[in-house]
Amino acid sequence: MATEDPHAARRLDAVAVQATLRRLARAPEPPWLHAEVARRMAQRLEIVRARPNRILDWWSGLGAGAAELQRVHPQAGVVAVEPEAIWAARTRAARARPWWRRADPHAAASQVHEEADEIAPGAGLVWANMMLHAVVDPPALFARWEALLAPEGFVMFSCLGPGSLRELRTLYDGLGWGSATPGFVDMHDLGDMLVRAGFADPVMDQEVLTLTWPDAEALLAELRGLGGNAAPDRHPGLRTPRWRQHLLEGLAAMAGADGRIALSFEVAYGHAFKAAPRLRTDAPTRVSLDSMRSLLPSRRDRNAGRALG
């Protein structure tokens, strides 16, 4: 009997995600949108009073937040955690450059790990910018982050939410082309997952960014630079030039009065502190039934008491 895939509700193809990560590792720079969201998330980090001494920058290269972390917390040691060997090699190479060419002049090549590596616990902050929407099992990752954090450590992340690319989904639905995007997790569900993983009082919020392009070709080029369609129910085969022309025409028809084509990106932000350990109760006291009987007055004693009364 086949068992149901526990991650099917995520609507995310892990194999497609890995292929996209390898492709993006060959790009000269991380996506512009990731860098912009990192800047906005760093503004939220500035108002958190905690001052971590050690930061885990999860999917560091693609997250494009190393410079922001160095700016906000120059005293902290930042450990880059990468999703694949190709990303770890890329980050090590960047950190091996002369100090005047590094985004983070204090970085050391030894502070780079692959996600599957053994990473020492005790971090003050796990920072994860624009990567959680590409994770098949967020609850498992939250549990791992909780284990890696020191007491009173905290996590801060951003990711795409369900409102992202809604215009593109509407276009695909109208033409019967299947799913245009993978499934995105609602921020309230992410908050519930954090609590179950052992975090306290998660704070979640979101904003919608609207990006515009002068034409459909420019739009498609930037979308490819952001990632790819990792929906498991996407079209299973290669598309034809005729199909691509239909897509370009459909996108062009979405242009506004100024001639530009707009797409929405819902960005969810979250942070939560590691919950304090629960106090352990004392071990239960066990009393045998015979011992309990010995503590009770005998029937003769009860009858004597009634006679005296």
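Residues numbered from 1 in each chain as written. Predicted model: local features only at pLDDT ≥ 70, side-chain atom pairs only at ≥ 80, totals over all residues. Heavy atoms only, no water.

(A) Geometry of the overall build of the protein. Helix and strand content of the protein: twelve helices and seven strands. Counting across all 309 residues of the protein, residues that qualify as buried make up 43%. Of the contacts formed within the protein by residues at least 6 apart in sequence, a portion of 81% connects residues at least 24 apart. Total accessible area computed for the protein in this model is approximately 17,300 Å², and 55% of it derives from carbon and sulfur atoms. (Helix = DSSP H or I, 4+ residues; strand = E, 2+ residues; numbered from the N terminus. Buried < 20%, exposed > 50% of the residue type's maximum accessible area, 1.4 Å probe, protein only. Contact = heavy atoms within 4.5 Å. Areas by Shrake-Rupley, 256 points an atom, 1.4 Å probe, with all protein chains shown as cover.)

(B) Representation of the nonpolar core. Ranked by size, the top nonpolar core spans 42 residues in total, and within it W127, L168, L251 and F265 carry the most contacts. Residue contributions to this core peak at six residues, all from helix 2 (residues 32-46). Setting aside chain neighbours within four positions, we find W127 in contact with A38, M41, A42, L45, I55, L56, D57, W58, G65, L69 and M156. I119, L132, L148 and M193 belong to the second largest nonpolar core, which has 40 residues in total. (Core = buried A, V, L, I, M, F, W, Y, C linked by side-chain atoms within 4.5 Å.)

(C) Geometry of the packing of helix 6 (residues 138-148) against helix 8 (residues 187-196). One can describe the packing of helix 6 onto helix 8 by two numbers: an axis separation of 9 Å at closest approach and a directional angle of 45°. Accordingly, the angle class assigned to the pair helix 6 and helix 8 is oblique. Both helix 6 and helix 8 take part in a crossing whose hand is right-handed. Mapping the contact onto sequence places P138, P139 and F142 in helix 6 and L190, M193 and L194 in helix 8. Along the lines of polarity and charge, the residues of the contact of helix 6 with helix 8 split into six nonpolar, no polar and no charged. (Axes fitted to C-alpha atoms, helices over the stretch in contact; angles between N-to-C directions. Parallel < 35°, antiparallel > 145°, perpendicular 65-115°, else oblique. Left-handed = near helix turned anticlockwise from the far one by under 90°. Nonpolar A, V, L, I, M, F, W, Y, C, P; charged D, E, K, R; others polar.)

(D) Examining the pattern of salt bridges more closely. In total, this model carries twelve salt bridges according to the counting rule given. For R234, the salt bridge is made with D13, and the minimal N-O distance between the two is 3.3 Å. Of this pair, R234 sits in the loop between helix 9 (216-226) and helix 10 (241-252) while D13 sits in the segment before helix 1 (14-24), and the two are 221 residues apart along the sequence. (Salt bridge = Lys/Arg side-chain N within 4 Å of Asp/Glu carboxyl O.)

(E) Highlighting helix 9. Listed as buried for helix 9 are A216, L219, L220, L223 and L226. Around the axis of helix 9, the buried residues are gathered within 120° of arc, so they sit on the same side. Exposed residues pointing more than 90 degrees away from the buried face of helix 9 are listed as A221 and R224. Where the residues of helix 9 are buried, they touch helix 1, helix 2, helix 7 (166-175), strand 6 (199-213), helix 10 and strand 7 (261-274). Within two residues after helix 9, G227 carries a phi angle of roughly 155°, on the positive side. (Arc of directions from axis to C-beta.)

(F) Layout of the sheet that holds strand 3 (residues 112-114). With mixed pairing, seven strands are arranged side by side in an open sheet as 3-2-1-4-5-7-6. The open sheet has two edge strands, strand 3 and strand 6, and neither has a second partner. Across this sheet, the average inter-strand angle for adjacent strands is 15°, counted without regard to direction. Pairing analysis gives three bridges linking strand 2 (residues 77-82) to strand 3, with the strands arranged parallel. Residue pairing in the sheet places V81 in a bridge with H113 of strand 3. Running at roughly 20° to strand 7, helix 9 makes contact with strand 6 and strand 7 of the sheet. (Pairing = 2+ DSSP bridges.)

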